[in-house]
Amino acid sequence: EAVAAEWMLEFVCSCLCRHFREENEAEFRRWRDVAQALINGFSKIPAHQKKRVYLCQLLIRIAKGKSLELQFENGQRFSPLESALSFWTLLEREEMKLEKLHEDIRRLIQIQIVAVHVENRYFKEAAEVLERLFTDSESDKALRVKLTTVIKNKDPYVPLLQSFSYSLLISKIKSYTELFMKENETNFLIQAATNHVESKGLGATALQNTSVNDVINENYKSNLETKDRFVLSIILVRVVLGHLVNSSHVNGKMQNCCLNVDFSLYWMFINCFLGLNNLHNVGEHGVPVACGRRRQRWTYQEDMELKSGVKRFGVGNWTKILVNGNFNNRTSVMLKDRWRTLCRIE
């Protein structure tokens, strides 16, 4: 259950990020509820999952930032954005790097905390919030003075609030989530499934159930990996769901579970794990068609760019290598796969 919960947290976090960026409110609400159930189910948040938990909590609060009647902190009169700011602070501490985007988001949240109160004509509460937000440090003094003036004038349409609008905050958060997901790619499920297959001796059985030819040339290796991932995901999902169902029955009675175990969850695992949503895009010989993108041969120059990037940034930093290199219509995943191929060749 612990293994399943950690992987599902990674999955749910990616779903929240995607639907937040796409502004799909219905799907965002659905995955918000799943995320909250998972997070509440942790007795202690695993250290390597803290950033994902903080990001989920941040997005949930930003999405409801203008709803002052909502309270996310029990017994405390914090607005959703104040609560969001606390999780943003935790995220910054985990990342240990202060980039301009981090600072921009922090300032935008602070400004919008006050702005939302002013827009709703809660001027007294806005003044109280301002006192809680800022210390007496010199770096905060200029912004604190400007926001104090905004509250006194009781005008939500001043240039400051228009320039640092809520839509700008949403835009910055979207940029952050995109970077976060690129820098935190994971193969958690494939690793867990592989370990399970090896421990149970299921490798041969699993491969017998696929229609992969015994001899596969270089052009079909990606197809083999996709089918293996599909088989392994089903194996792990069967084990996980079976365990969850069994563990939820005690003395013949159903116990409370953080999630309902049903077949929609089953397919949720598979669709997410494959990361394709294009199983129907299959050409001749069972080779998946990459959504309109033709396979293009790697050139010698691109290989040299990749090797140079790995030497400069290190293995795993595919996004940085992609941004700083000269590649022809490649993605970070393509770089990772090509590096694996080059290592095998050498």
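Scoring rules and cut-offs
- Residues numbered from 1 in each chain as written.
- Predicted model: local features only at pLDDT ≥ 70, side-chain atom pairs only at ≥ 80, totals over all residues.
- Heavy atoms only, no water.
- Core = buried A, V, L, I, M, F, W, Y, C linked by side-chain atoms within 4.5 Å.
- Buried < 20%, exposed > 50% of the residue type's maximum accessible area, 1.4 Å probe, protein only.
- Helix = DSSP H or I, 4+ residues; strand = E, 2+ residues; numbered from the N terminus.
- Contact = heavy atoms within 4.5 Å.
- Salt bridge = Lys/Arg side-chain N within 4 Å of Asp/Glu carboxyl O.
- Axes fitted to C-alpha atoms, helices over the stretch in contact; angles between N-to-C directions.
- Parallel < 35°, antiparallel > 145°, perpendicular 65-115°, else oblique.
- Left-handed = near helix turned anticlockwise from the far one by under 90°.
- Nonpolar A, V, L, I, M, F, W, Y, C, P; charged D, E, K, R; others polar.
- Phe/Tyr/Trp six-rings, centres within 6.5 Å; stacked < 30°, edge-to-face > 60°.
- Lys NZ or Arg CZ within 6 Å of the ring centre and 35° of its normal.
- Arc of directions from axis to C-beta.

Where an unreviewed UniProt entry is consulted, the protein appears under the name Telomeric repeat-binding factor 1, with the organism given as Calyptomena viridis.

Q: Can you break down the nonpolar core residue by residue, with the values?
A: Counting residues in hydrophobic clusters, the biggest one holds 62 residues, and the most contacted among them are Leu 55, Leu 58, Ile 62, Ile 109, Leu 147 and Leu 169. The leading source of residues in this core is helix α1 (residues 2–22), at 11 residues. Apart from the residues within four sequence positions on either side, Leu 55 is in contact with Cys 13, Cys 17, Leu 91, Tyr 176, Thr 177 and Phe 180. By size, the runner-up hydrophobic cluster in this structure holds 9 residues, among which are Trp 298, Leu 306, Ile 321 and Trp 339.

Q: Give me the lowdown on the pattern of salt bridges, citing residues and values where you can.
A: Once the charged atoms of two side chains with opposite charge are near each other, the side chains can pair. On inspection of all chains with the given rule, the structure shows 13 salt bridges. Asp 104 is the salt-bridge partner of Lys 100, the closest N and O atoms lying 3.0 Å from each other. Taken together, the residues span about one helical turn, with Lys 100 and Asp 104 both in helix α5 (residues 100–119) at a distance of 4 residues. With a shortest N-O distance of 3.3 Å, Arg 107 and Glu 103 are connected by a salt bridge. Taken together, the positions of Arg 107 and Glu 103, both in helix α5 and 4 residues apart, correspond to about one turn of that helix. For Glu 103, a relative accessible area of 36% translates into the label partly exposed. Bridged by salt links that share partners, the residues Lys 100, Asp 104 and Lys 172 form one connected network.

Q: Before we move on, can you summarise the packing of α5 against helix α7 (residues 138–153) with the specific residues and values?
A: Packing of α5 against α7 leaves a shortest axis separation of 11 Å and a crossing angle of 15°. Relative to α7, α5 is oriented roughly parallel. The chirality of how α5 crosses α7 is right-handed. Of the residues in α7, those in contact with Arg 107, Gln 110, Ile 111, Val 114 and Val 118 of α5 are Ser 139, Asp 140, Leu 143, Leu 147, Val 150 and Ile 151. The class makeup of the residues in the contact of α5 with α7 is 7 nonpolar, 2 polar and 2 charged.

Q: Residues and numbers for the packing of aromatic side chains, please.
A: Applying the stated criterion to the full structure yields 7 aromatic pairs. Seen from their ring centres, Trp 88 and Tyr 176 are 5.0 Å apart, and the 80° between their planes marks the pair as edge-to-face. Of this pair, Trp 88 sits in helix α4 (residues 80–95) while Tyr 176 sits in helix α9 (residues 166–183), and the two are 88 residues apart along the sequence. Neither Trp 88 nor Tyr 176 differs from the other in exposure class; each is buried. With a centroid separation of 6.1 Å and an interplanar angle of 45°, the aromatic rings of Tyr 176 and Phe 180 are classed as tilted. Taken as a pair, Tyr 176 and Phe 180 lie in helix α9 at a separation of 4 residues, close to a single helical turn. Residue classification places Tyr 176 among the buried residues on the basis of a relative accessible area of 3%. Three or more aromatic residues link up through ring pairs in this structure, and these residues are Trp 7, Phe 11 and Trp 31. Between the NZ or CZ atom of Arg 330 and the centre of the ring of Trp 298, over which it lies, the distance is 4.1 Å.

Q: Explain the side chain of Gln 49 to me, and be specific about the residues and the numbers.
A: Positionally, Gln 49 belongs in the loop between α2 (25–41) and α3 (50–63). Beyond its immediate chain neighbours, meaning those up to four positions away, Gln 49 contacts Glu 6, Leu 9 and Glu 10.

Q: Could you give me a rundown of helix α6 (residues 123–133), with the residues and numbers involved?
A: Three or more residues of α6 are buried, namely Phe 123, Ala 126, Val 129, Leu 130 and Leu 133. For α6, the angular spread of the buried residues around the axis is 110°, confining them to a single face. More than 90 degrees from the buried face of α6, the exposed residues found are Lys 124 and Glu 131. Structurally, α6 contributes buried residues whose contacts are with α4, α5 and α7.

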